[in-house]
Amino acid sequence: MTEVATARRSRITPEREAELYEAVLDLLREVGYDALTMDSVAARTKSSKATLYRQWGGKAELVARAVRYQKPGAAIDEIDTGSLRGDLHALTMRSDDCEMEQNSALMRGLAMAIHGNPDLLQAFKEHLIEPEMAGFRQVLQRAVDRGEIRADNPAIDFVMHMMIGGFAARSLIDEQPPTQTFLLSYIDAVVLPALGAPVTC
């Protein structure tokens, strides 16, 4: 983050920032990305539109940061259970079933918007996709270092694709929201075997 951006964001307290992000997420669930405006965020949060633009620059940045804010619990790179299965299970357990259902609906709506909005795609890459991928790389590297998986296994490059795919496909194929039970089973049946990793801790 640049010094200018850091200075710009320091004017809002963490509590106020959290309040704004919660309001943005509520509006996203109510009206979707395309209908969400900086005017509506300003009205919902009793902020000035000028403050929002000064702080976040635009709608795409604000939305990406709001979605990043609601990511659950510890960061990926802070989870180290001693086994790859334990780490992937711990990542899944950060969200309960209710949160997963809400997030699944939210991400389905945003996925459509991302395809038609380069600014939103770039903001998501910067604030969500790249940090998540970096975290997964650390988890996988620890598994390689422990001898659980081979460094040359081609499936390593597709772990995040598999995880996102299982999450997204649950509602598309089964017409049910993703749940902890489903995702834990998916990890054991699909992800770990693809990596050649132990399915028991």
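What you see is a predicted model; the values in this text were computed from it and never measured. (Residues numbered from 1 in each chain as written. Predicted model: local features only at pLDDT ≥ 70, side-chain atom pairs only at ≥ 80, totals over all residues. Heavy atoms only, no water.)

### Topic: helix H6 (residues 84–92)
Here H6 lies mainly inside the structure; eight of its nine residues are buried. Residues of H6 that are buried: Leu84, Arg85, Gly86, Asp87, Leu88, His89, Leu91 and Thr92. Structurally, H6 contributes buried residues whose contacts are with helix H7 (97–115), helix H8 (118–145), helix H9 (159–174) and helix H10 (180–195). Backbone nitrogen of Gly86 and a side-chain oxygen of the N-cap are separated by 2.9 Å at the start of H6; the cap is Ser83. (Buried < 20%, exposed > 50% of the residue type's maximum accessible area, 1.4 Å probe, protein only. Helix = DSSP H or I, 4+ residues; strand = E, 2+ residues; numbered from the N terminus. Contact = heavy atoms within 4.5 Å. Polar contact = N/O pair within 3.5 Å; in protein donor to acceptor, adjacent residues only side chain to side chain.)

### Topic: the layout of surface pockets
Taken as a whole, the largest pocket encloses approximately 1,100 Å³ of empty space. Lys71, Met107, Met160, Ile164 and Phe167 are the residues nearest the centre of the largest pocket, which is lined by 34 residues in total. If you list the elements that add at least two residues to the lining of the largest pocket, you get H6, H7, H8 and H9. The class makeup of the residues in the lining of the largest pocket is 22 nonpolar, seven polar and five charged. (1 Å grid on protein atoms, 1.4 Å probe; cavity = no way out; pocket = protein on both sides within 12 Å on 5 of 7 lines; lining within 4 Å. Points joined across faces, edges and corners; volume = space filled by probe spheres on them. Nonpolar A, V, L, I, M, F, W, Y, C, P; charged D, E, K, R; others polar.)

### What to know about H10
Across its 16 residues, H10 extends 21 Å between first and last C-alpha, which sits within 8% of the 22 Å expected from 1.5 Å per residue. At Ile187, H10 shows its largest bend, some 40 degrees. Considered for burial, the residues of H10 that qualify are Gln180, Leu183, Leu184, Tyr186, Ile187, Asp188, Val191, Leu192 and Leu195. In the stretch just after H10, Gly196 is the one whose phi turns positive, near 70 degrees. (Expected span 1.5 Å × (residues − 1). Bend = angle between axes of the 7 residues up to and from the residue.)

### Topic: the confidence of the model for the protein
Detailed reading of the predicted coordinates is not advisable wherever pLDDT falls low. Per-residue pLDDT for the protein averages 87, and the proportion of residues at 70 or more is 92%. Considering each helix and strand of the protein separately, the mean pLDDT is smallest for helix H1 (residues 3–9), with a value of 44, and largest for H10, with 96. Ignoring residues within four places in sequence, the model shows residues 1–10, a span with pLDDT below 50, making 10 contacts including any to other chains. (pLDDT = per-residue confidence, 0-100.)

### Description of the packing of aromatic side chains
Under the definition given, this model contains three aromatic pairs. On the basis of an interplanar angle of 40 degrees and a centroid distance of 5.4 Å, the ring pair of Tyr21 and Tyr69 is categorised as tilted. Of the two residues, Tyr21 is situated in helix H2 (residues 14–31) and Tyr69 in helix H5 (residues 59–69); the sequence distance between them amounts to 48 residues. Accessibility expressed as a relative area gives 35% for Tyr69, which makes it partly exposed. Ring geometry for Phe182 and Tyr186: centres 6.2 Å apart, planes at 25 degrees, overall stacked. Here Phe182 pairs with Tyr186, and both are found in helix H10, just four residues apart, close to one helical turn. (Phe/Tyr/Trp six-rings, centres within 6.5 Å; stacked < 30°, edge-to-face > 60°.)

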